[in-house]
Amino acid sequence: MRVPNGVLKIVFVVILFFFLLLPVSLESYRWEIRLEIGLSNLNYQFRRYVEKFVMECSKEGISVWIYNTYRSRAVQNALYAQGREPLEVVNLLRQKAKLEPIDERKNRYVVTKLRVSAHNYGLAADFVPVVDGKPQWYNDELWLRCGYIALNLGMEWGGMWKGLVDKPHIQMKNWRKVATFNHLERLIIE
Ligand SMILES: [Zn+2]
């Protein structure tokens, strides 16, 4: 029996359509991501990395929240002082940065390594893996899996740092260079 060419073409197009549409619909089905905050304050290049990161985690069945992105220099100064300066100094800086005051207990811990951070240029983000709507701060397996996803995408992951390990932190590789080239206007304003 001879099948007319036209019919073959239609069958081919239908099959092609099916295969092209299938991955898209699966992906949108898996897309269960809640962002704690928007990504609009991130550097436009780094933002793509973060979006890719969230998507790749989702493909592996891991939801993540991005809970911190851009930080002003005032906020960074206050965070840098934490664990290093007396409580009054820290809380004065926090007041300037419009942050809630902290207590003596919290001021025992250093929370950031750097006086100027990739966060100040929108070149870093902090995330936490989430299961059933609850952040998984102590789930090392999930941290590792997410960390490797970030590394594979070409980002730096704070979980690999020596000294102050910062598991939630992901940042652009060579961020200092990117900051100088892309954020001259921000450097000048600050
Ligand atoms: Zn961070």
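Residues numbered from 1 in each chain as written. Predicted model: local features only at pLDDT ≥ 70, side-chain atom pairs only at ≥ 80, totals over all residues.

Student: What am I meant to see in the packing of helix α3 (residues 73-81) against helix α4 (residues 87-96) here?
Tutor: The relative placement of two packed helices comes down to the angle between their axes together with the axis-to-axis distance. Two elements in contact, α3 and α4, have axes separated by 8 Å at closest approach and are oriented at 165°. With respect to each other, α3 and α4 are oriented roughly antiparallel. In this structure, the crossing between α3 and α4 has a hand that is left-handed. Where α3 approaches α4, its residues Ala74, Asn77, Ala78 and Ala81 are matched on the opposing element by Val89, Val90, Leu93, Arg94 and Lys96. (Axes fitted to C-alpha atoms, helices over the stretch in contact; angles between N-to-C directions. Helix = DSSP H or I, 4+ residues; strand = E, 2+ residues; numbered from the N terminus. Parallel < 35°, antiparallel > 145°, perpendicular 65-115°, else oblique. Left-handed = near helix turned anticlockwise from the far one by under 90°. Contact = placed C-beta atoms within 7 Å.)

Student: Before we go on, may I ask you to explain the nonpolar core in this structure?
Tutor: For soluble globular proteins, the rule of thumb is that nonpolar side chains tend to be buried together. Within the largest apolar cluster, 28 residues are counted, with the highest numbers of intra-cluster contacts made by Val50, Phe53, Val64, Leu123, Cys146 and Ile170. For this core, the secondary-structure elements that each account for two or more residues are α2 (44-59), β1 (63-68), β2 (124-131), α5 (140-152), β4 (155-157), β5 (169-172) and α6 (175-182). When residues no more than four places from it in sequence are discounted, the contact partners of Val64 are Val54, Cys57, Phe127, Val128, Pro129, Val130 and Cys146. Grouped together as the second largest cluster of nonpolar side chains are seven residues, Ala78, Tyr80, Val90 and Leu93 included. (Core = buried A, V, L, I, M, F, W, Y, C linked by C-beta atoms within 7 Å. Buried ≥ 20, exposed ≤ 12 C-beta atoms within 10 Å, placed from the backbone.)

Student: Any chance you could explain α4 here in plain terms?
Tutor: One turn of an α-helix holds 3.6 residues; hence residues three or four places apart share an orientation. Of all the residues in α4, the buried ones are Val90, Asn91, Leu93 and Arg94. Burial along α4 is one-sided: seen end-on, the buried residues are contained in an arc of 160°. Seen from the buried face of α4, the exposed residues on the opposite side, beyond 90 degrees, are Glu88 and Lys96. Buried-residue contacts for α4 involve α3. Following α4 by one or two positions, Lys98 has its phi on the positive side, about 60°. (Arc of directions from axis to C-beta.)

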